[in-house]
Amino acid sequence: MNIGLIAHNSKKKLMQNFCIAYRGILCKNELFATETTGRLVEDVANLNIHKFLAGHLGGVVQMCSQIEQNQIDMLIFLRDPETPQLHEPDVNNIFRLCDMHNIPLATNLATAELLIKSLERGDLDWRDAYR
């Protein structure tokens, strides 16, 4: 599975902790992230991550392109709904594309944990056939 990881600045520590906690599951998959999130997760969780540009510098657009090409199977986007983002149109586009292409999307820790546990059980194997 190809898993995308994005975290707004106030959620980066939460993403690091999530990836440490679920390292055993994540390490069996291909991981893609925006640059800063990817680097921070690599540093603490010892995971190999394909990194795009920083989110506000085009990394979110690059992730959108991967989604459009059906190259992402699941996206964990820990976002801060309280803080407006300069690249908000790109962020909203990710949600639209995930809906269009049937990509499971988590925007908070509770849903991220549900998705990662589903991945571990094999509940997302249908994505292989979908591709």
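Refer to the structure presented above.
Here is a short report on the structure shown in this document. (Residues numbered from 1 in each chain as written. Predicted model: local features only at pLDDT ≥ 70, side-chain atom pairs only at ≥ 80, totals over all residues. Heavy atoms only, no water.)

Description of the pairing of strand S1 (residues 2–7)
Burial runs high along S1: six of the six residues are buried. Residues Asn 2, Gly 4 and Ile 6 point to one face of S1 and Ile 3, Leu 5 and Ala 7 to the other, with burial holding for every one of them. Taken together, the four bridges between S1 and strand S2 (residues 30–33) define a ladder with parallel strand orientation. Within S2, the residue paired with Asn 2 across the bridge is Glu 30. Where S1 meets strand S4 (residues 74–78), five bridges bridge the pair, whose relative direction is parallel. Directly across from Gly 4, in S4, lies its bridge partner Leu 75. (Buried < 20%, exposed > 50% of the residue type's maximum accessible area, 1.4 Å probe, protein only. Helix = DSSP H or I, 4+ residues; strand = E, 2+ residues; numbered from the N terminus. Pairing = 2+ DSSP bridges.)

Comments concerning the pattern of salt bridges
Summed over the entire model, instances satisfying the criterion amount to three salt bridges. Of the charged contacts, one joins Glu 42 and Lys 51 as a salt bridge, the two residues approaching to 2.8 Å between their closest N and O atoms. Judged by relative accessible area, Glu 42 falls into the partly exposed class, the value being 23%. With a closest N to O distance of 3.2 Å, Arg 127 and Asp 73 form a salt bridge. Pair noted here: Arg 127 is in helix H7 (residues 126–130) and Asp 73 is in the loop between helix H4 (59–68) and S4, with a separation of 54 residues, a long-range link. (Salt bridge = Lys/Arg side-chain N within 4 Å of Asp/Glu carboxyl O.)

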